[in-house]
Amino acid sequence: MGVIEIEGMHFYAYHGHFEAERLVGNEFSIDVVLETDCAAASVSDDLSDALNYQVVYDIIKKEMQVKSRLLEHVARRILHALSAEFPSIQKAKIKVSKLNPPMGGEIEKVSVTLSL
C-alpha cells in the first residue's frame, strides 16, 4: 500500500449556509489523503499503473463547482466521486477548509475532515 497526499488545493466556490455566501462566494482549501496500491506504478514508472493525480484534482475541481450549504456535504461528494473513479482507493481522508468564514470575528478558517 501507498499513501498519496495532495495538499493546499485552492478554489473559489459558492458554498455556505447563508444565501450571501452562495452568491458572493469564498476561498476554500482542500487537502486529500488517498491510500491505494502503488506497487505496480513503483516498478513500471508508468502513469497507467498509477492513481493519476491530475484526474484527482479535476474531480475535486468539478465537485467544488457544485453549490452546497455545508462543508460536510462538499467533502462527502468529493470522497464518493473519487472512490467511484478509483476503485483501488482503500482509504481516503479529505479536509475542506473555508478561509475567512463570515462568523462575526477574525477567523482564519473553519474546516471539516471526513474519511472513507
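See above for the structure.
The rules behind the values
Residues numbered from 1 in each chain as written. Predicted model: local features only at pLDDT ≥ 70, side-chain atom pairs only at ≥ 80, totals over all residues. Heavy atoms only, no water. Core = buried A, V, L, I, M, F, W, Y, C linked by side-chain atoms within 4.5 Å. Buried < 20%, exposed > 50% of the residue type's maximum accessible area, 1.4 Å probe, protein only. Helix = DSSP H or I, 4+ residues; strand = E, 2+ residues; numbered from the N terminus. Contact = heavy atoms within 4.5 Å. Axes fitted to C-alpha atoms, helices over the stretch in contact; angles between N-to-C directions. Left-handed = near helix turned anticlockwise from the far one by under 90°. Nonpolar A, V, L, I, M, F, W, Y, C, P; charged D, E, K, R; others polar.

(A) Representation of the nonpolar core in the model. Counting residues in each nonpolar core, the largest one holds 27 residues, and the members touching the most others are I30, V56, I60 and M64. Every element with two or more residues in this core is listed here: β1 (2-13), β2 (26-36), α3 (53-64), α4 (71-85) and β3 (91-99). Apart from residues no more than four positions distant in its own chain, M64 is found in contact with F11, A13, H15, F28, I30, V74 and I78.

(B) Local environment of the packing of α3 against α4. The interhelical angle for the contact between α3 and α4, taken along N-to-C directions, is 145 degrees, at an axis separation of 10 Å. In the crossing of α3 with α4, the sense of the turn from one axis to the other is right-handed. Between α3 and α4, the residues in contact are V55, V56, I59, I60, E63 and M64 and V74, R77, I78, A81, L82 and E85, respectively. By residue class, the composition of the contact of α3 with α4 is nine nonpolar, no polar and three charged.

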